[in-house]
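Tertiary structure, described
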Amino acid sequence: MIQKNTRRNCSGGRTWWGTWLTCEETSGGGVFEVHPKNNSPEIKRHTLIGRQNGRNGGNYEGVAYDNRDTNNPKFFLTEDSSNGPLERFSPSSQALADAISSGDYSNLLHDNSDNTAVTDYLVLDSLAGTFFWSTDLAAGRSSANSHFRNCEGIDVRNGQLYMTCKAQKLLFILDLDNLTYEESSTVSGAFNDQPDQIALLTGGANGDILYFCEDGISSTTSGAGIHARDATGQGYTIAQDEDSVLSGETTGLAFSPDRKVMIFAFQSQGRIYKVWREDGRPFGGQTLDIRYHGSTHPNIFASAR
């Protein structure tokens, strides 16, 4: 065990220096940094993420980062609440300088002794298709309530932020450089429930492939599954609890370094599955012949429980 005494831990996210940020999805929840080789699990390292501008915790879900500019990295946090804002956290200037100089990032998300850390929130202009960041928490909550309620899954790649919001079953893609965004429905074929965690693989035959977990609690036709969408907008179903035997939601989506093994869990049953392609190719690789939404194409994946 690497961490004790946290509550309702949700998807969280990794850091580039090899630690994990675990999010508590509960009233007053926090974001804690955990080392995979932690020898003192009773010690909790509460980060500054989700605790600035008078914000004292929340139903936190996922964390992602953008460190293309190593001198100005950003962390992003989602909250599963009707007015849960998308938060952007910029570390303290001194903490960042110390980390870069020493190569030790262990205090980057904890130290703000120079009071230069900045937390701001996403505000959308739906008419213009643009957005900006505001340090006003109330403005961030208002924008969330109007446009992106109950957001969960988040990933950032190559200046694009991907975020799924389950209340309205939407996928948002934010261009972090040009401050523009697009949104689309995640409802397609078998994927008729709420999107949850997401993970992005790059370099596939059809460009980037975005994988979704699914919250199937509200389903009347089938249980939760794992679904994907490629750069052309084509949707796929990889795994599906078609008889609603497992119920609940899929979570914990992860891939092996070579992309050939997918791992995910059915939360309510406590079951973890390993999935691979019978043709030996990686997920996101060429000739990805998985079952299309609304079609009868065979599923070529094998699994073990």
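Preceding this section is the structure that the text describes.
As a starting point, this report considers the structure included with it. Note that the structure is a prediction, hence the values are computed from the model and not measured.

What counts, and where the lines are drawn
Per chain, residues are indexed from 1 in the order of the written sequence. In keeping with the model being predicted, local features are shown solely for residues with a pLDDT of at least 70 and side-chain atom pairs are shown and tallied solely at 80 or more, while totals for entire chains, interfaces and linings include all residues. To get the side-chain values, take all heavy atoms of the structure and skip hydrogens and water. Starting at the N terminus, helices and strands are each numbered in turn, a helix being any DSSP run of H or I of at least four residues and a strand any DSSP run of E of at least two. By definition, residues are in contact when any of their heavy atoms lie within 4.5 Å. What makes a salt bridge here is a side-chain nitrogen of Lys or Arg within 4 Å of a carboxyl oxygen of Asp or Glu, nothing more. Only protein chains enter the accessibility calculation, which uses a 1.4 Å probe; a residue whose area is less than 20% of its type maximum is buried, one above 50% is exposed, and one in between is partly exposed. At least two DSSP bridges between two strands are needed for those strands to be called paired. Within this scheme, the nonpolar core is defined by two criteria: the residues are buried Ala, Val, Leu, Ile, Met, Phe, Trp, Tyr or Cys, and they are joined through side-chain atoms within 4.5 Å. The pocket and cavity definitions rest on a 1 Å grid over protein atoms only: a 1.4 Å probe that fits but cannot leave marks a cavity, an open set with protein on both sides within 12 Å along at least five of seven lines marks a pocket, and residues lining either have an atom within 4 Å of a point. Grid points are joined across faces, edges and corners, and a volume is the space filled by probe spheres set on the points. The reported arc concerns the directions from the helix axis to the C-beta atoms and nothing else. We call two N or O atoms a polar contact when they sit within 3.5 Å, provided that within protein one can donate a hydrogen and the other can accept it, with sequence-adjacent residues counted only if both atoms are side-chain atoms.

Brief notes about the side chain of Gln52
Checked against the element boundaries, Gln52 lands in the loop between strand S4 (45-46) and strand S5 (60-66). For Gln52, the contacting residues outside a window of four places in its chain are Asn112, Thr119 and Tyr121.

Topic: the pattern of salt bridges
For the structure shown, the criterion picks out 10 salt bridges. Salt-bridge contacts for Arg45 lead to Glu33; the nearest nitrogen and oxygen are separated by 3.9 Å. Here the residue Arg45 occupies a position in strand S4, and Glu33 occupies one in strand S3 (residues 31-34), the gap between them amounting to 12 residues. Of the residues examined, Arg45 reaches a relative accessible area of 29% and is grouped as partly exposed. Residue Arg277 pairs with Asp279 through a salt bridge whose shortest N-O separation is 2.6 Å. The exposure class assigned to Arg277 is buried, which follows from its relative accessible area of 2%. Exposure remark for Asp279: the relative accessible area of 39% places this residue in the partly exposed category. Overlapping salt bridges bring together Arg55, Glu79, Glu87 and Arg141 as one network.

Concerning the pairing of strand S2 (residues 20-23)
Relative to S2, strand S1 (residues 13-14) runs antiparallel, the two being bridged by 2 bridges. Considered in S2, the bridge of Arg14 is made with Trp20. Adjacent in sequence and paired antiparallel, S1 and S2 are bridged by 5 residues, among which Gly18 carries a positive phi angle near 95°.

Examining the sheet that holds S2
Strand pairing in a sheet relies on backbone hydrogen bonds, with the paired strands running either antiparallel or parallel. Spatially, S1-S2-S3-S4 is the arrangement adopted by the 4 strands of the open sheet, whose pairing is antiparallel. Looking along the sheet, the strands with just one partner apiece sit at the ends: S1 and S4.

Observations concerning the environment of Leu77
Mapping Leu77 onto the fold places it in strand S6 (residues 74-79). For the pair Leu77 and Gly12, spaced 65 residues apart in sequence, the C-alpha separation works out to 8.7 Å. Beyond its immediate stretch of four places on either side in the chain, Leu77 contacts Cys23, Val31, Ile49, Gly50, Arg55, Tyr60, Gly62, Val63, Pro85, Leu86 and Glu87.

Things to note about the nonpolar core
With 20 residues, the main nonpolar core has Leu86, Leu122, Phe148, Leu161, Met163, Phe172 and Leu174 as its most contacted residues. Among the secondary structure elements, those contributing two or more residues to this core are strand S8 (118-125), strand S9 (130-134), strand S10 (151-157), strand S11 (160-165) and strand S12 (170-175). With sequence-adjacent residues up to four places away left out, Phe172 is seen in contact with Leu124, His147, Phe148, Leu161, Tyr162, Met163, Cys165, Tyr181, Glu182 and Glu183. Core analysis: the next-biggest nonpolar cluster, separate from the first, contains 19 residues, Leu48, Tyr60, Ala99 and Leu108 among them.

Side note on the layout of surface pockets
Looking at the second largest pocket, its volume works out to about 240 Å³. As for the second largest pocket, its lining consists of 15 residues, and the residues nearest its centre are Tyr162, Ile173, Arg229, Asp230 and Ala231. Elements with a contribution of two residues or more to the lining of the second largest pocket: S11, S12, strand S13 (180-185) and strand S15 (207-215). Here the lining of the second largest pocket takes 3 residues from S13, the largest share from any one element.

As for the pairing of strand S17 (residues 235-240)
With 6 of 6 residues buried, S17 is to be regarded as a mostly interior element. Of the pairings in the sheet, the one linking strand S16 (residues 225-229) to S17 comprises 5 bridges and is antiparallel in character. Within S17, the position partnered with Arg229 by the bridge is Gly235. Linking S16 to S17, which pair antiparallel, is a turn of 5 residues; within it Gly233 sits at a positive phi near 95°.

Overview of helix H1 (residues 93-102)
Of all the residues in H1, the buried ones are Ala95, Leu96 and Ala99. Along the axis of H1, the buried residues cluster in a sector spanning 100°; they form a single face. Exposed and oriented more than 90 degrees from the buried face of H1 are Ser101 and Ser102. The N-capping residue of H1, defined by a side-chain oxygen 3.2 Å from the backbone nitrogen of Gln94, is Ser92. Looking one or two residues past H1, Gly103 carries a phi angle of roughly 80°, positive in sign.

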